[in-house]
Amino acid sequence: MPERKQLVAGNWKMNGRRADGIALARAIAERAGGRHACDLLVCPPFTLLASIGEVLGGEALAGSAVSLGGQDCHAAPAGAFTGSISAEMLRDAGCSHVILGHSERRHGLGETDADVRAKAAAAWRAGLVAIVCIGETRAEREAGSAVAVVTAQLAGSLPENAEAQRLVIAYEPVWAIGTGLVPTNADIADIHRAIRSHIPSGTRVLYGGSVNPKNAAEILGLPDVDGALVGGASLKAEDFWAIAAACR
Ligand code: 13P
């Protein structure tokens, strides 16, 4: 099987007004040029998608060196769902990807595996790649149940017709997000290996949680790590680039 090209994705979360978001996207796109050793993706807040889509290449976005993704979507294509955005709307705004089931939605907003599964099906209906996030809490890790937890999340969150080319898994231990804490390399390698046995062959599995320019080379050098989902460090073009430069 050909080696999976690594993907470095920036999850901007609820950060960025128009001027700084556009400046950040422009700085990333300028450095990206035509090609890079890894695939690059930025996931700005909904309000910035259309303008950043233009920065990244407008109608030529599909061929751009930096792709665009949403941070969530509703399962329905349209309708009376105040405050929500559908996968079709993301696609219309120029997105190729959508992050689903992030721990800030699972743990902060009570999203269930069934919700994530319905959203993944919606992403595929709209032609988007679904980046499905999974990860254990600190208590679950300490209880020795990290593998069991992520395996159960995978079983509950993935629709049956999952295919490698429209799915990315992001392993993000809840306790590592925004804390500066990172699992040991052996723990990352173990869990990525376990995840891989439950997903279609060729699916990319990213690591996320306190990835920064200092630890990126080590994490991205692990055999089953196909990239990184980056939060805080994706808000600075230099840091995002340093992480991308650490790809295999
Ligand atoms: P940090 O990189 O800020 O820890 O966030 C990780 C994350 O949640 C990416 O989705």
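This section reports on the structure supplied with the text. (Residues numbered from 1 in each chain as written. Predicted model: local features only at pLDDT ≥ 70, side-chain atom pairs only at ≥ 80, totals over all residues. Heavy atoms only, no water.)

### As for the site of the ligand
Phase 1: Taken together, 13 residues are adjacent to the ligand, and Lys13, His102, Gly178, Ser210 and Gly232 come closest.
Phase 2: Across the complex, the protein chains shield 94% of the 300 Å² of accessible surface that the ligand would expose by itself.
Phase 3: Here the residues of the shell around the ligand sort into four nonpolar, seven polar and two charged. (Near = heavy atom within 4 Å. Areas by Shrake-Rupley, 256 points an atom, 1.4 Å probe, with all protein chains shown as cover. Nonpolar A, V, L, I, M, F, W, Y, C, P; charged D, E, K, R; others polar.)

### A closer look at the packing of aromatic side chains
Phase 1: Going through the model one piece at a time under the given rule, you end up with one aromatic pair.
Phase 2: One cation-aromatic arrangement involves Arg138 over Trp175; the distance from NZ or CZ to the ring centre is 4.6 Å. (Phe/Tyr/Trp six-rings, centres within 6.5 Å; stacked < 30°, edge-to-face > 60°. Lys NZ or Arg CZ within 6 Å of the ring centre and 35° of its normal.)

### What about the packing of helix H7 (residues 146–157) against helix H8 (residues 185–196)?
Phase 1: The contact between H7 and H8 brings their axes to 10 Å, and the two run at 35°. Crossing of H7 over H8 shows right-handed handedness. Judged by residue contacts, Ala146, Val147, Val150 and Leu154 of H7 engage Ile191, Ala194 and Ile195 from H8.
Phase 2: For the contact of H7 with H8, the per-class residue count stands at seven nonpolar, no polar and no charged. (Axes fitted to C-alpha atoms, helices over the stretch in contact; angles between N-to-C directions. Helix = DSSP H or I, 4+ residues; strand = E, 2+ residues; numbered from the N terminus. Left-handed = near helix turned anticlockwise from the far one by under 90°. Contact = heavy atoms within 4.5 Å.)

### Re the sheet that holds strand S6 (residues 167–171)
Phase 1: Around the barrel, which closes on itself, the eight strands sit in the order S1-S2-S3-S4-S5-S6-S7-S8 with parallel pairing between neighbours. In this sheet, adjacent strand axes meet at a mean angle of 25° when their direction is disregarded.
Phase 2: Alignment of strand S7 (residues 204–208) against strand S8 (residues 227–230), held across two bridges, turns out to be parallel. Within S8, the position partnered with Tyr207 by the bridge is Ala228.
Phase 3: Packing against the sheet, H7 makes contact with strand S5 (129–134) and S6, and its axis sits at approximately 145° to S5. (Pairing = 2+ DSSP bridges.)

### Some words on the pairing of strand S3 (residues 66–70)
Phase 1: Counted residue by residue, S3 has five buried out of five residues, so it is predominantly covered.
Phase 2: Sheet topology places strand S2 (residues 39–43) next to S3; three bridges connect them, and they run parallel. Across the sheet, residue Leu41 finds its bridge partner in S3, namely Ser67.
Phase 3: Pairing of S3 with strand S4 (residues 97–100), which is carried by two bridges, proceeds in the parallel orientation. Of the residues in S4, the one forming a bridge with Gly70 is Val98.
Phase 4: The β-α-β motif built from S3, the intervening helix H3 (residues 87–92) and the parallel element S4 has right-handed crossover chirality. (Buried < 20%, exposed > 50% of the residue type's maximum accessible area, 1.4 Å probe, protein only. Right-handed = clockwise from strand over helix to strand, strands pointing away.)

Read these as spatial facts, not as claims about activity.
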